[in-house]
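Fold and contact review
Next come the chains, spelled out residue by residue.
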Amino acid sequence: MNAVLEGQMVYCRGCGKQIHATALTCPNCGAPQSVQGVSDKKILPAFLLCFFVGFLGVHRFYVGKIGTGVLQILTFGGLGIWVLIDFIMILVSAFTDKQGRKLTQWT
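Residues numbered from 1 in each chain as written. Predicted model: local features only at pLDDT ≥ 70, side-chain atom pairs only at ≥ 80, totals over all residues. Heavy atoms only, no water.

1. What to know about the state of the cysteines
Note the following rule: In this description, a disulfide is simply a cysteine sulfur pair whose atoms lie within 2.5 Å. Classification of residues uses two cut-offs on accessible area relative to the type maximum, computed with a 1.4 Å probe and protein chains only: under 20% is buried, over 50% is exposed, and between them is partly exposed.
For the coordinates displayed, the defined rule picks out zero disulfides. Looking at the unpaired C12, the closest cysteine sulfur is the one in C26, lying at 3.6 Å. Given the relative accessible area of 2%, C26 is considered buried.

Written as structure tokens, this is what we have:
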């Protein structure tokens with residue numbers, strides 16, 4: 001857990017009651033909350049796309065990184081090295097989306 005977020009309270013986007021900053025949904029009203037620094041993209045699709053068609057950069061298109069996706073198409077995933085690095089980063093939850101938010105949820 002991010003040490004900065006531990007112990008912080010925020011207000012629910014739905015009902016306005018105070019909830020913990022890392023809550024995905026409000027325990028009072030059930031409204032979805034956005035956790036700062038966490039992507040809404042899932043790890044499993046990125047993992048599968050990288051594994052099967054990583055040399056085409058499809059996993060990068062999935063997370064919104066269009067420019068580097070095109071570069072991976074043109075270089076066949078950096079001749080496999082770039083794809084391998086992305087694959088490992090996805091597995092250890094260090095891969096980020098276009099806004100720099102980490103993919104943390106598998107499904």
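What follows picks up the thread again.
2. A few points about the packing of aromatic side chains
Stated precisely, the cut-off is as follows: The criterion for an aromatic pair is that two Phe, Tyr or Trp rings (for Trp, the six-membered ring) have centres within 6.5 Å, with stacked assigned to planes under 30 degrees apart, edge-to-face to planes over 60 apart and tilted to the rest. Each helix is a run of DSSP H or I of at least 4 residues and each strand a run of E of at least 2, with the numbering of both proceeding from the N terminus. Geometrically, a lysine NZ or arginine CZ counts as sitting over a ring once it is within 6 Å of the ring centre and also within 35 degrees of the ring normal.
Scanning the model with the defined rule gives five aromatic pairs in all. Ring centres 5.0 Å apart and planes at 90° place the aromatic pair F51 and F52 in the edge-to-face group. An angle of 40° between the planes, with centres 5.9 Å apart, marks the rings of F51 and F87 as tilted. Within this pair, whereas F51 is found in helix α1 (residues 43-53), its partner F87 is found in helix α4 (residues 81-91), the two being separated by 36 residues in sequence. Owing to a relative accessible area of 18%, F87 belongs among the buried residues under this scheme. One residue, K41, lies across the ring of Y62, its end atom 5.2 Å from the ring centre.

3. Structural notes on the nonpolar core
Our working definition: For the purposes of this section, nonpolar cores are sets of buried Ala, Val, Leu, Ile, Met, Phe, Trp, Tyr and Cys residues that join through side-chain atoms within 4.5 Å. Contacts between residues were defined by any pair of non-hydrogen atoms, one from each residue, lying within 4.5 Å.
Residues I43, A46, F47, C50, V63, V83, F87, I90, F95 and L103 constitute the largest nonpolar core, which totals 10 residues. For this core, the elements supplying multiple residues, two or more each, are α1 and α4. Here this core gets four residues from one element, more than from any other, and that element is α1. The contacts of F95, once residues within four sequence positions are left out, are H59, R60, V63, D86, M89, I90, R101, K102 and L103. Grouped together as the second largest cluster of nonpolar side chains are five residues, C12, I19, C26 and A31 included.

4. Side note on the packing of helix α3 (residues 66-79) against α4
Put simply, the rule is: Fitted lines through C-alpha atoms give the axes, limited to the stretch in contact for helices. The angle between two N-to-C directions lies from 0 to 180 degrees. Angle categories are assigned with fixed cut-offs, so that under 35 degrees is roughly parallel, over 145 is roughly antiparallel, 65 to 115 is roughly perpendicular, and the rest are oblique. Following the grouping adopted for this structure description, the nonpolar residues are Ala, Val, Leu, Ile, Met, Phe, Trp, Tyr, Cys and Pro, the charged ones are Asp, Glu, Lys and Arg, and the polar ones are all others, Gly among them.
At a closest axis distance of 7 Å, the pairing of α3 and α4 adopts a crossing angle of 110°. Overall, the two elements α3 and α4 adopt an arrangement that is roughly perpendicular. On α4, the residues that touch T68, L71, Q72, T75, G77, G78 and L79 of α3 are I81, W82, V83 and D86. Residue composition of the contact of α3 with α4, by class: five nonpolar, five polar and one charged.

5. Considerations on the side chain of R60
Along the chain, the position of R60 falls in helix α2 (residues 58-62). Setting aside anything within four residues of it in sequence, one finds R60 in contact with K65, T68, G69, Q72, W82, D86 and F95.

6. Focus on a nonpolar patch on the surface
Note the following rule: Nonpolar side chains (Val, Leu, Ile, Met, Phe, Trp, Tyr) within 5 Å and like charges within 9 Å form the patches, drawn only from residues with over 30% relative accessible area and no salt bridge. Methods summary: accessible areas were calculated by the Shrake-Rupley approach with a probe of 1.4 Å, and residue burial reflects only the protein chains presented. When a carboxyl oxygen of Asp or Glu lies within 4 Å of a side-chain nitrogen of Lys or Arg, that pair is called a salt bridge.
Together, F55, L56, F61, I66, V70, L71, I73, L74, F76 and L79 make up an exposed nonpolar region whose accessible area comes to about 940 Å². The element contributing the most residues to the nonpolar patch is α3, with seven residues. Topologically, L74 is positioned in helix α3. What makes L74 exposed here is its relative accessible area of 62%.

7. What about the environment of M89?
Within the secondary structure, M89 sits in helix α4. Taking the relative accessible area as the measure of exposure, M89 reaches 31% and is therefore partly exposed. In this structure the C-alpha to C-alpha distance between M89 and Q8, which are 81 residues apart in sequence, comes to 28 Å. Filtering out sequence-adjacent residues up to four positions away, M89 remains in contact with A94 and F95.

All quantities given are derived from atomic positions and should not be read as evidence of function.
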